[in-house]
Amino acid sequence: MELLGSPLRTPYTQPRSTPTKFLPPIPTASSLQNRFPPSPLPNSFSSPWMPRVTKPTLGPAPRSSQRLTPREALPPISHQTALSTRYTPGDWYRSNLTNYKRSETARHTAECLTADSSRLIQDKYQQTRKTQAESTKNLGQRVNDIMFWKSELRCEHDKMMEETNALTGMKERLERALANTEAPLQVTQECLLLREKRMGIDLVCDDVEKQLFVELDIIRSCQDRMRRHLEQAEAQLASNRLAQHDVERDLANKQAAHRIDEQCQQLRNTSTGISYFRGVERVDATISVPESWANFTDKNILRSQSERAASAKLRDSIENLLVLTDKQMQHQFNCVNLAFTQRIAEMADAKRKIQAQLSKTLQEMFHLERSIEAIQKAIRDKGFPLKVAQTRLDKRICRPKMELCRDPAQLRLVSEVCEINETIQSLQQRLRDSEDVLQRLAHNKSALEHELVVKSTSLFIDQEKCLAMRKTFPSTGRLLGYV
C-alpha cells in the first residue's frame with residue numbers, strides 16, 4: 001500500500017525507447033549528386049524524414065535574380081528526377097501510423113500526468129493540512145505545558161514571597177530582642193561595678209555576685225546565639241532572594257514564551273502578518289529539549305522549595321531561641337533578685353546585731369566609766385585616812401626616848417598605813433584594769449561603728465542601687481522581639 005502523498009509510478013516516467021524507423025533508407029547526397037545536379041530547396045519544403053542535401057557554395061546572386069518569383073527561381077526539374085525523390089504509398093501510410101501512435105502516446109502520457117498531478121495536489125493538500133493541524137496541536141500542547149509550569153512557578157513565587165516576608169519579620173524581631181538584651185546586660189555590669197564599692201569584709205564573693213556572673217554569662221551567650229542566628233537569617237534571605245530571582249526570571253521567560261506560542265497557535269492561513277522567511281527552517285536557535293526544559297524549571301522550583309524549607313526551619317529555630325532566651329534570662333533574673341533579697345536580709349540582720357552590740361558596748365562603757373570614776377573617787381578618798389595615819393605615825397616619832405614604845409597604837413597605825421596603801425594599790429590596779437577594759441570597749445565600739453557603716457553601705461548598694469535598677473528588667477514581649 002502506498003503512503004499518502006507519495007508519487008505513483010506511471011508509464012510516462014519510464015525511459016522511452018527510440019522509435020523504430022518505418023521509412024526506407026534515403027540515398028546519400030553523393031549518390032544523388034552523381035545522378036542529378038544540385039538544386040537548392042527552400043526550408044519550407046524540407047521534412048524530418050527527407051534527406052539533407054548538401055548545398056553548394058554560391059556567390060552573390062545578381063540583382064536581376066533577386067526580383068524573380070519562386071516559380072521563376074526554381075531550377076527546372078526533369079521527370080526522371082521527380083520520380084526518384086518521392087516515397088511509396090506504404091511509406092506514406094506507415095508515416096501516418098507513426099504520427100498517430102506518437103500522438104496517442106503523448107496524449108496518454110499527458111492524461112496520466114494530469115490525473116497524477118491532480119492526485120498529487122490532493123494528497124499534498126491533505127498532507128499539508130494534517131501537518132499544519134499536528135503543528136497547531138503540538139503548539140497547543142506546548143502552551144498547556146507552559147501554562148502548567150507558569151502556574152507552578154507563580155504558586156512557588158507567591159509562597160517564596162510569603163516565606164521571605166515571614167523570615168524578614170522574624171529577623172526584625174530577633175534584632176529587637178538583641179537590642180533589648182543590652183539593658184539587662186548593662187544593669188548586670190552596673191550591679192557588679194557598684195558591688196565593687198563595698199568596703200571591708202563585705203567585699204566578699206557571695207551568692208549574689210556568683211549569680212550576677214552567671215547572669216552575665218547567660219546574657220552574653222544569648223547575644224552570641226542571637227548574632228549567629230541573625231547572620232544565618234541574612235544569609236538565608238540572600239539565598240531566598242536568589243531563588244526567588246531565578247523563579248521570577250523563569251516565570252518571565254515562560255510568560256514571553258506563552259505569549260509567542262499562543263500567537264503561533266492562533267495563526268491561520270487567512271491570518272494577517274504572515275509572510276515568507278526564506279531559510280528560517282535551517283536556523284537552529286534552540287538550546288534545550290523538552291526534558292532539559294522541564295528539568296530546568298523543576299530544578300528552579302525544587303531549589304526554591306529547598307530554600308523555603310530551610311527558611312522555615314531557621315524561623316522555627318529563631319522562635320525557639322527567643323523563647324529559650326526569655327526563659328533563661330527571666331529565670332536567672334529571678335535567681336539574682338532572690339539572692340539579692342536573701343543577702344539584703346542577711347545584711348539587715350547583721351546590721352541589727354551590730355547595732356545591738358554597739359548599744360550594749362556603749363552601755364557597758366558608760367557603766368565602766370562610772371566605775372572608773374568611783375574607783376578614782378575611792379582612791380582619792382583613801383588619801384585623807386592615809387594622811388591621818390601617816391601624820392600620826394610621824395608625830396609619834398617625835399616622842400621622847402622611852403616613850404617611843406611599840407604599843408598597840410603604834411602597831412595599829414603601821415598596819416593601818418599598810419592596809420590603806422594596799423587598798424590604794426588594789427584600787428589603782430582595778431583602775432588600770434578598768435581603763436584597759438574601757439579602751440578595749442572603745443576599740444570595739446569603733447570597730448562596731450565601722451562595721452555598721454560598712455553594712456549600711458553594702459545594704460544601700462544592694463537595696464537602694466542594685467535592686468532598684470533591676471526593677472526595670474525587660475518584659476517577656478520585649479525579650480521575644482514583639483516590642
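Residues numbered from 1 in each chain as written. Predicted model: local features only at pLDDT ≥ 70, side-chain atom pairs only at ≥ 80, totals over all residues. Heavy atoms only, no water.

Asks: Looking at this structure, how should I read the overall build of the chain?
Replies: The number of helices and strands found in the chain is ten helices and zero strands. Along its sequence from the N terminus, the chain presents helices and strands in the succession α-α-α-α-α-α-α-α-α-α. Counting all 483 residues of the chain, 28% fall into the buried class. In the chain, 90% of the contacts between residues at least 6 apart in sequence involve partners at least 24 apart. Here the chain displays about 33,700 Å² of accessible surface, and carbon together with sulfur accounts for 56% of that area. (Helix = DSSP H or I, 4+ residues; strand = E, 2+ residues; numbered from the N terminus. Buried < 20%, exposed > 50% of the residue type's maximum accessible area, 1.4 Å probe, protein only. Contact = heavy atoms within 4.5 Å. Areas by Shrake-Rupley, 256 points an atom, 1.4 Å probe, with all protein chains shown as cover.)

Asks: What exactly am I supposed to notice about helix α6 (residues 182–195) here?
Replies: An α-helical turn contains 3.6 residues, so a residue and the one three or four places further along point in the same direction. The end-to-end C-alpha distance of α6, which contains 14 residues, comes to 20 Å, matching closely the 20 Å that a straight helix rising 1.5 Å per residue would cover. Contact partners of the buried residues in α6: α5 (89–180), α7 (207–266), α8 (290–397) and α9 (408–469). (Expected span 1.5 Å × (residues − 1).)

Asks: I'm lost on the nonpolar core in this one. Help?
Replies: One recurring pattern in soluble globular proteins is that nonpolar side chains are buried together. Ranked by internal contacts, the top residues of the largest apolar core, which has 19 residues, are Cys191, Val208, Leu212, Met329, Phe340, Cys466 and Phe473. Put simply, the parts of the chain that give this core at least two residues each are α6, α7, α8 and α9. Filtering out sequence-adjacent residues up to four positions away, Phe340 remains in contact with Arg195, Val208, Leu212, Asp462, Cys466, Leu467 and Arg470. Ile372, Leu413, Ile420 and Ile424 belong to the second-largest nonpolar core, a separate cluster that totals 16 residues. (Core = buried A, V, L, I, M, F, W, Y, C linked by side-chain atoms within 4.5 Å.)

Asks: Where do I start with the packing of α5 against α8 in this structure?
Replies: Any two packed helices are characterised by how steeply their axes cross, that is the angle between the axes, and by the distance between the axes. Across the interface, α5 lies against α8 with an axial gap of 9 Å and an inter-helix angle of 20°. Classified by the interaxial angle, the pair formed by α5 and α8 is roughly parallel. Pair α5 / α8 crosses with left-handed handedness. (Axes fitted to C-alpha atoms, helices over the stretch in contact; angles between N-to-C directions. Parallel < 35°, antiparallel > 145°, perpendicular 65-115°, else oblique. Left-handed = near helix turned anticlockwise from the far one by under 90°.)

Asks: Help me out: how do you make sense of the side chain of Gln332 in this one?
Replies: Here Gln332 lies in helix α8. By relative accessible area, Gln332 is classed as buried at 4%. With residues up to four places along the chain from it excluded, the contact list for Gln332 reads Gln211, Val214, Glu215 and Ile218.

Asks: Help me understand the packing of aromatic side chains, please; the structure alone is not making it clear to me.
Replies: Here a ring pair, both rings aromatic, is described through the centre-centre distance and the interplanar angle of the planes. For the coordinates displayed, the defined rule picks out two aromatic pairs. Ring geometry for Trp92 versus Tyr93: centroids 4.8 Å apart, planes at 75°, classification edge-to-face. Residues Phe148 and Trp149 carry aromatic rings whose centres are separated by 5.2 Å and whose planes lie at 70° to one another, so their mutual orientation is edge-to-face. With relative accessibility at 15%, the residue Trp149 sits in the buried group. The ring of Trp293 has Arg142 sitting right over it, with the charged end atom 3.7 Å from the ring centre. Across the ring face of Tyr276, the terminal group of Arg278 is positioned such that the distance to the ring centre comes to 4.6 Å. (Phe/Tyr/Trp six-rings, centres within 6.5 Å; stacked < 30°, edge-to-face > 60°. Lys NZ or Arg CZ within 6 Å of the ring centre and 35° of its normal.)

Asks: Even after reading the chapter, I still don't get the confidence of the model for the chain, so can you show me in this structure?
Replies: It should be kept in mind that the predicted coordinates are not to be read in detail where pLDDT is low. On average, residues of the chain score 83 in pLDDT, and 81% of them reach the 70 mark or higher. Of all secondary-structure elements in the chain, the lowest mean pLDDT belongs to helix α1 (residues 29–35), at 42, while α7 reaches the highest, 94. Contacts of residues 1–66 to residues separated by more than four positions or lying in other chains number 45 contacts, the stretch itself having pLDDT below 50. (pLDDT = per-residue confidence, 0-100.)

Asks: Even after reading the chapter, I still don't get the pattern of salt bridges, so can you show me in this structure?
Replies: Pairs can form between side chains of opposite charge whenever their charged atoms are close. Counted under the stated rule, the structure contains 29 salt bridges. Where Glu175 meets Lys171, a salt bridge forms, and the shortest distance between an N and an O atom there is 2.7 Å. Residue Glu175 and its partner Lys171 are located together in helix α5, separated by four residues, close to a single helical turn. Take Glu175: its relative accessible area is 31%, and that puts it in the partly exposed class. Ionic pairing is found between Arg282 and Glu281, a salt bridge with its closest N-O pair at 3.6 Å. (Salt bridge = Lys/Arg side-chain N within 4 Å of Asp/Glu carboxyl O.)

Asks: Sorry if this is basic, but what is going on with unusual backbone geometry here?
Replies: Phi is mostly negative for residues that are not glycine, and the peptide bonds are mostly trans. At Lys401, a position not held by glycine, the phi torsion is positive, near 35°. Within the fold, Lys401 resides in the loop between α8 and α9.

Asks: I keep staring at the packing of α8 against α9 and nothing clicks. Help me out?
Replies: Where α8 meets α9, the closest approach of the two axes is 6 Å, and the angle between their N-to-C directions is 165°. Here α9 runs roughly antiparallel to α8, going by the angle between their axes. When the axes of α8 and α9 are compared, the crossing they make is left-handed. Residues belonging to the contact of α8 with α9 are distributed by class as follows: 35 nonpolar, 14 polar and 15 charged. (Nonpolar A, V, L, I, M, F, W, Y, C, P; charged D, E, K, R; others polar.)

Asks: What's the story with the environment of Thr286 in this structure? I'm lost.
Replies: By the element assignment, Thr286 lies in the loop between α7 and α8. A residue is classified by how much of its surface remains accessible, and Thr286, at 58% relative accessible area, is exposed. Of note is the side chain of Thr286, whose polar atom sits 2.6 Å from the side chain of Asp284. (Polar contact = N/O pair within 3.5 Å; in protein donor to acceptor, adjacent residues only side chain to side chain.)

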